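Residues per chain are reported as follows:
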Protein chains: 2
Amino acid sequence: MPRKHILGDLQLAIMRVLWARGEASAGDVHAALHAERGLAPTTIATMLRKMEEKGLVGHRADGRLFLYRARVAEAKVRHSMVGELVQRVFLGDSAALVNHLLREGEIAPEELARLKRLIEARQKDGQGRDGR
Amino acid sequence: MPRKHILGDLQLAIMRVLWARGEASAGDVHAALHAERGLAPTTIATMLRKMEEKGLVGHRADGRLFLYRARVAEAKVRHSMVGELVQRVFLGDSAALVNHLLREGEIAPEELARLKRLIEARQKDGQGRDGR
DNA sequence: GCGGTAGTACGACCATGGTAGTCGAAATTC
DNA sequence: GAATTTCGACTACCATGGTCGTACTACCGC
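What you see is a predicted model; the values in this text were computed from it and never measured.

K.L.:
Is there a simple way to think about the overall build of chain A in this case?
P.N.:
For chain A, the count of helices and strands is 6 helices and 3 strands. Secondary structure elements of chain A occur, N-terminal to C-terminal, as α-β-α-α-β-β-α-α-α. The C-alpha atoms of chain A give 19 Å as radius of gyration, which overshoots the globular expectation for 132 residues (14 Å, by more than 25%). Taken across its 132 residues, chain A has 39% of its residues classed as buried. Pairs at least 24 residues apart make up 50% of the contacts formed inside chain A by residues separated by at least 6 positions. Of the roughly 7,600 Å² that chain A leaves accessible, carbon and sulfur atoms contribute 49%. Here chain A carries 23 positive and 17 negative side-chain charges, and the mean point of each set is 4 Å from the other.

Right, here's the structure in full:
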């Protein structure tokens, strides 16, 4: 079973670096994140180790350096986390979430147009498919 | 600042009971939730106490009974939690989340049609408004 | 009056995310 | 070859959510 890919904030930030870079050492990640959060290097290293325990990342040694790599795809994590929220807050009703987002008015007009086109596309070609 | 209305699973479940009922005793909540989770009554009572500390619920005494009431609106909680997710996972881009949901194919065809109408409505009347 | 019951209060414990200090070993520098 | 820096390992701490057990209390039926 695909375990729960529910990540915390820092974990997400780390994964983003890994997804963008492909491979990165703890130091690289720290450097990338230092500007926005100013954490101690050890914090990043510890988090990476914990994440490795959970299978979120893997590493290989390059000399003394550990190069970490993401072991779960960004799409997977997104899917899990969105699914979790939909379950918790909207009792599994994805459409209700879309509804909420639309009504909140946080979507720019141009985006609305894009989304509308996306819906139309899905209505057209989506007859027998189910998107997975 | 409106504190963080980020609730856990049990907290959500409890809030749902309160939102639906208006007022409820710890026992009522326990009864309502017992079927789906089978928790000890004290668990509910403790959770309610903790939630009161955080201002999520309030209570008044009716004899020796405590009648709890939600002190934050469902919409508020939804907003906070969705906002949190959008921030964490989609870096604040709500449209990206809608996009994700649409592509995941978890939305039924009838829903797609409804959402499309909603988008059209927002495009039309949404010129100066901003949804709040 | 007395025991059972219902209901709250309090404290304990576990997991997880986040944060960091310290330690030891290896690499680099003098 | 010794001193310094570098970097991972380990340990510890704190907060929060979740889960209860136990203790206290007030009321009810007999």
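Moving on from the coordinates now.
K.L.:
Quick question: what am I supposed to make of the relation of the copies chain A and chain B here?
P.N.:
Each of the two chain copies can be generated from the other by rotation about an axis followed by a shift along it. Rotating chain A by 180 degrees about the axis while translating it 0.1 Å along that axis superimposes it on chain B, leaving an RMSD of 0.1 Å. Both copies of the chain, as the preceding transformation shows, are related through a two-fold rotation axis. A shared binding surface is used by both copies, with 98% of the interface residues of chain A retained as interface residues in chain B.

K.L.:
Would you mind going over the protein's contact with DNA strand C with me for this structure?
P.N.:
For DNA strand C, the set of nearby residues contains 21 residues, the closest of which are Gly8, Asp9, Thr46 and Arg64 of chain A together with Arg49 of chain B. Backbone atoms, meaning sugar and phosphate, make up 63% of the atoms of DNA strand C lying within 4 Å of the protein. Between DNA strand C and the protein, one listed contact pairs a phosphate oxygen with a backbone N or O atom of phenylalanine 66 of chain B at 3.4 Å. With 5 residues, helix 3 (residues 41-53) of chain A is the largest single contributor of residues to the surface near DNA strand C. Per-class residue counts for the surface near DNA strand C are 8 nonpolar, 7 polar and 6 charged.

K.L.:
How should the nonpolar core be read in this particular structure?
P.N.:
The tendency in soluble globular proteins is for nonpolar side chains to be buried side by side. Among the nonpolar cores identified, the biggest contains 74 residues, and Ile14, Leu18 and Leu97 of chain A together with Ile14, Leu18 and Leu97 of chain B are the most heavily contacted of them. When neighbours within four sequence positions are excluded, isoleucine 14 of chain A is seen to be in contact with Val29, Leu33, Ile44, Met47, Leu48 and Met51 of chain A.

K.L.:
Would you take a moment to explain the pairing of strand 3 (residues 65-70) of chain B for this structure?
P.N.:
Within a regular strand, side chains alternate between the sheet's two faces. Residue and element names in this part refer to chain B. For strand 1 (residues 23-24) and strand 3, the ladder comprises 2 bridges, and the chain directions are antiparallel. Residue pairing across strands places alanine 24 opposite tyrosine 68, the latter belonging to strand 3. Pairing analysis gives 6 bridges linking strand 2 (residues 57-62) to strand 3, with the strands arranged antiparallel. Looking across to strand 3, one finds that aspartate 62 is bridged to leucine 65. The loop that links strand 2 with its antiparallel partner strand 3 comprises 2 residues; one of these, glycine 63, has a positive phi angle of about 65 degrees.

K.L.:
Which parts of the structure should I look at to understand the interface of chain A and chain B?
P.N.:
Many structure descriptions define interface size as the accessible area lost when the parts assemble. Counting residues at the interface gives 43 residues for chain A, matched by 42 residues for chain B. Summed over both sides, the interface between chain A and chain B buries roughly 4,300 Å², with carbon and sulfur atoms accounting for 66% of that surface. It is Arg88, Leu102 and Ile119 of chain A in chain A that bury the most area against chain B; as a group they hold 14% of the surface buried on that side. There are 4 salt bridges connecting chain A and chain B. With its nearest N and O atoms 3.7 Å apart, the salt bridge here joins aspartate 9 of chain B to arginine 88 of chain A. Counting across the interface, chain A meets chain B through 6 residue pairs in polar contact (both at pLDDT 80 or more). Put simply, the parts of the chain that give the side of chain A that touches chain B at least two residues each are helix 1 (9-21), helix 4 (74-90), helix 5 (94-104) and helix 6 (109-125) of chain A. Each residue belonging to the side of chain A that touches chain B can be placed in one class, and the counts come to 21 nonpolar, 8 polar and 14 charged.

K.L.:
Would you explain the protein's contact with DNA strand D in this entry?
P.N.:
Close to DNA strand D lie 18 residues; Arg49 of chain A together with Asp9, Gln11, Thr46 and Arg64 of chain B are nearest. Within the backbone of glutamine 11 of chain B, a nitrogen or oxygen atom sits 3.5 Å from a phosphate oxygen of DNA strand D. Within the side chain of lysine 50 of chain B, one N or O atom sits 3.1 Å away from a base nitrogen of DNA strand D. Mapped onto the surface near DNA strand D, the elements with two or more residues apiece are helix 3 of chain A together with helix 1 (9-21) and helix 3 (41-53) of chain B. Considering every element that reaches the surface near DNA strand D, the biggest residue donor is helix 3 of chain B, with 5 residues. The residue inventory of the surface near DNA strand D, partitioned by class, reads 7 nonpolar, 6 polar and 5 charged.

K.L.:
I tried to follow the environment of alanine 31 of chain B on my own but got confused; where do I start?
P.N.:
Its location among the elements puts alanine 31 of chain B in helix 2 (residues 26-37). Between the C-alpha atom of alanine 31 of chain B and that of alanine 61 of chain B, which follows or precedes it by 30 residues, the distance is 19 Å.

How each quantity is defined
- Each chain carries its own residue numbering, running from 1 in the written order of its sequence.
- A letter from A marks each chain and a number from 1 marks each ligand, given out in the order of writing.
- Since the coordinates come from a predicted model, pLDDT governs what is reported: local features require at least 70, and pairs of side-chain atoms require 80 or more to be given and counted, while whole-chain, interface and lining totals use all residues.
- To get the side-chain values, take all heavy atoms of the structure and skip hydrogens and water.
- Under the DSSP-based scheme used, a helix requires at least four consecutive residues in state H or I and a strand at least two consecutive residues in state E, with every element numbered from the N terminus.
- For a compact globule the rule gives 2.2 Å times the number of residues to the power 0.38, and the radius of gyration it is set against comes from C-alpha atoms.
- The rule is simple: take the accessible area with a 1.4 Å probe, protein chains only, and divide by the maximum for that residue type; under 20% is buried, over 50% is exposed, in between is partly exposed.
- Here a residue-residue contact requires only that any non-hydrogen atoms of the pair lie within 4.5 Å.
- Accessibility throughout is a Shrake-Rupley quantity obtained with a 1.4 Å probe, and a residue counts as covered only by protein chains that appear here.
- Note that His is not counted, nor are the chain ends; the positive residues are Lys and Arg, and the negative ones are Asp and Glu.
- By convention, the charge on Lys lies at NZ, on Arg at CZ, on Asp at CG and on Glu at CD.
- The copies are overlaid by a least-squares fit using only the C-alpha atoms of residues whose pLDDT is at least 70 in both copies.
- A single heavy atom is enough: if one lies within 4 Å of a molecule or strand, its residue is considered near that molecule or strand.
- We call two N or O atoms a polar contact when they sit within 3.5 Å, provided that within protein one can donate a hydrogen and the other can accept it, with sequence-adjacent residues counted only if both atoms are side-chain atoms.
- Gly is put with the polar residues, along with every residue not named as nonpolar or charged; the nonpolar set is Ala, Val, Leu, Ile, Met, Phe, Trp, Tyr, Cys and Pro, and the charged set is Asp, Glu, Lys and Arg.
- What makes a nonpolar core is a set of buried Ala, Val, Leu, Ile, Met, Phe, Trp, Tyr and Cys residues whose side-chain atoms join them at distances within 4.5 Å.
- Any two strands with at least two DSSP bridges between them are considered paired.
- Here the quantity called buried area is the accessible surface, traced with a 1.4 Å probe, that two parts lose on coming together, added over both.
- In what follows, salt bridge is the name for a side-chain nitrogen of Lys or Arg lying within 4 Å of a carboxyl oxygen of Asp or Glu.

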